[in-house]
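Descriptive analysis of the structure
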Amino acid sequence: MTTTLRPAGPEEAYPDGRRDRRWLVCANGRPVGSVHTSAHPHGSRLTGRIEDLEITEGRRRGRGTIAVLAAEEVLRAWGCHRAEAAVPVDAGPAHALALALGYTETNRKLLKRLGQPPGLRPGLTVRPIDRAAYPQWLEGTKAEYRSHLRMAGLTEAQALERCEADHTHLLAEGHASQGVVLRQLVAGGSPVGSLWVALHDGRLPDGTAFAWVMTVEVAADQRGKGYGRELMLTAERECLAAGVHALGLNVYTANQVAIRLYESLGYRTTRRVLAKSL
């Protein structure tokens, strides 16, 4: 029995270089499932994504494996150097399939529906990252991001290019960029950490608006004092003040300290992201 992909509709192409297409998984020409491929530019390179794989008929016959391998060929033809697969946390077979095909878990997506958080701890204050503070904050944020990208498998050159492209896109107007929260946590008159939240990142299936934590950083010599927790609670207060009632974030799998912090605050993993070089 031959398993192939057949377009489920036209390819979508966007001015920024993104490409997107949905496919039917077919066995001898008959649809038995579906999968979604997309390509996303980061500088001059494209990263591919394989998502929403579903085999509706004839599971455990290798159709999922063939569908993923065929999706990888689509991404190679599009010029992607890397494939990522976002797997729902409750999709154990899909997670096992990705590992068997050579994918490695790089990061996780977490989400929390917000209640009213406690107030700021005495002795701490929060202030905006203004024009004067922005250049130093940006330099540190970029360095941290490049470090995480290298840990996720990118080369130094790839990490640099992706970092510059992402920050240019997301912070087009610097400290005054719309729809973002940029804050510093201050203790004893000096900054000890910082926060960047994108306030309007989308909606959950039930219509609840959610925001996204882009970065939360604590100075190296100030860690272990609970400042990361205070920054996350600050993010939650900022969201509620803006009428946003859910908050998501990305955490790299290697950062187990951060994962434990987020879980202690009520964040739960919704997806695992796995990656593979093409």
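The structure under discussion appears in the preceding block.
In what follows, the accompanying structure is described. (Residues numbered from 1 in each chain as written. Predicted model: local features only at pLDDT ≥ 70, side-chain atom pairs only at ≥ 80, totals over all residues. Heavy atoms only, no water.)

Some thoughts on the overall build of the chain
Within the chain, the regular secondary structure consists of six helices and 13 strands. In terms of overall size, the chain behaves like a compact globule, its C-alpha atoms giving a radius of gyration of 21 Å where 278 residues would be expected to give roughly 19 Å. A buried classification covers 46% of the 278 residues belonging to the chain. Of the contacts made within the chain by residues no fewer than 6 positions apart, 64% connect residues no fewer than 24 positions apart. By element, 51% of the accessible surface of the chain is carried by carbon and sulfur atoms, the whole surface being about 13900 Å². Looking at the chain, you have 36 positive and 29 negative side-chain charges, and the mean spots of the two groups are 4 Å apart. (Helix = DSSP H or I, 4+ residues; strand = E, 2+ residues; numbered from the N terminus. Rg over C-alpha atoms; globule rule 2.2 N^0.38 Å. Buried < 20%, exposed > 50% of the residue type's maximum accessible area, 1.4 Å probe, protein only. Contact = heavy atoms within 4.5 Å. Areas by Shrake-Rupley, 256 points an atom, 1.4 Å probe, with all protein chains shown as cover. Lys, Arg positive; Asp, Glu negative; His and termini not counted. Charge placed at Lys NZ, Arg CZ, Asp CG, Glu CD.)

So, unusual backbone geometry
Backbone geometry follows two general trends: most residues other than glycine have a negative phi, and most peptide bonds adopt the trans configuration. The phi angle at asparagine 28 is positive, at roughly 50°, despite the residue not being glycine. Located in the positive-phi region is aspartate 52, a residue other than glycine, with phi close to 60°.

Overview of the side chain of arginine 82
Within the element layout of this structure, arginine 82 appears in strand β6 (residues 80-88). A relative accessible area of 6% means that arginine 82 is categorised as buried. Side-chain polar atoms of arginine 82 contact the side chain of glutamate 84, separated by 3.4 Å. Not counting the four nearest positions on each side in its chain, arginine 82 is found in contact with Leu46, Thr47, Gly48, Thr106, Ala152, Gly153, Leu154, Ala275, Lys276, Ser277 and Leu278. (Polar contact = N/O pair within 3.5 Å; in protein donor to acceptor, adjacent residues only side chain to side chain.)

Quick notes on the pattern of salt bridges
Pairing between side chains of opposite charge can happen when the charged atoms of each approach one another. Under the counting rule described, the total for this entry stands at 18 salt bridges. Among the ionic pairs, arginine 30 bridges to glutamate 57, the shortest N-O distance being 2.6 Å. Here glutamate 57 lies in the loop between β5 (45-55) and α1 (63-77) and arginine 30 lies in strand β4 (residues 30-42), a separation of 27 residues in the sequence. You can call arginine 30 partly exposed: its relative accessible area is 39%. Accessibility expressed as a relative area gives 35% for glutamate 57, which makes it partly exposed. A salt bridge links arginine 272 to glutamate 105; the shortest N-O distance between them is 3.4 Å. In this pair, arginine 272 sits in strand β13 (residues 268-277) while glutamate 105 sits in strand β7 (residues 104-113), placing the two residues 167 residues apart along the sequence. (Salt bridge = Lys/Arg side-chain N within 4 Å of Asp/Glu carboxyl O.)

Considerations on the pairing of strand β9 (residues 180-187)
Along β9, seven of the eight residues are buried, which leaves the element largely enclosed by surrounding structure. Here five bridges tie strand β8 (residues 124-128) to β9, and the two strands are oriented antiparallel to one another. Within the sheet, the bridge partner assigned to leucine 124 lies in β9 and is alanine 187. Both β9 and strand β10 (residues 190-203) contribute to a ladder of eight bridges, which runs antiparallel. Considered in β10, the bridge of valine 181 is made with valine 197. Hairpin connection, β9 to β10: the antiparallel pair is bridged by two residues, and glycine 188 has positive phi, about 60°. (Pairing = 2+ DSSP bridges.)

Examining helix α5 (residues 227-241)
Taking 1.5 Å of rise per residue, 15 residues should cover 21 Å, and α5 covers 21 Å from first to last C-alpha, within 8% of that figure. Counting buried positions along α5 yields 11 of 15 residues, so the element is predominantly enclosed. Taken as a whole, α5 has its buried residues at Tyr227, Gly228, Glu230, Leu231, Met232, Leu233, Thr234, Ala235, Glu236, Cys239 and Leu240. A positive backbone phi angle near 80° is found at glycine 243, which sits one or two residues after α5. (Expected span 1.5 Å × (residues − 1).)

Section: helix α4 (residues 156-170)
Spanning 15 residues, α4 covers 21 Å between terminal C-alpha atoms, matching the ideal 21 Å at 1.5 Å per step. When α4 is considered as a whole, its buried residues turn out to be Gln158, Ala159, Arg162, Cys163, Asp166 and His167. Projected onto a plane normal to the axis of α4, the buried residues spread over an arc of 140° and lie on a single side. Across α4 from its buried face, at more than 90 degrees, point the exposed residues Ala157 and Thr168. Turning to α4, the residues buried within the fold contact β4, β5, β6, α3 (134-151) and β10. (Arc of directions from axis to C-beta.)

These values are about where atoms sit, not about what they do.
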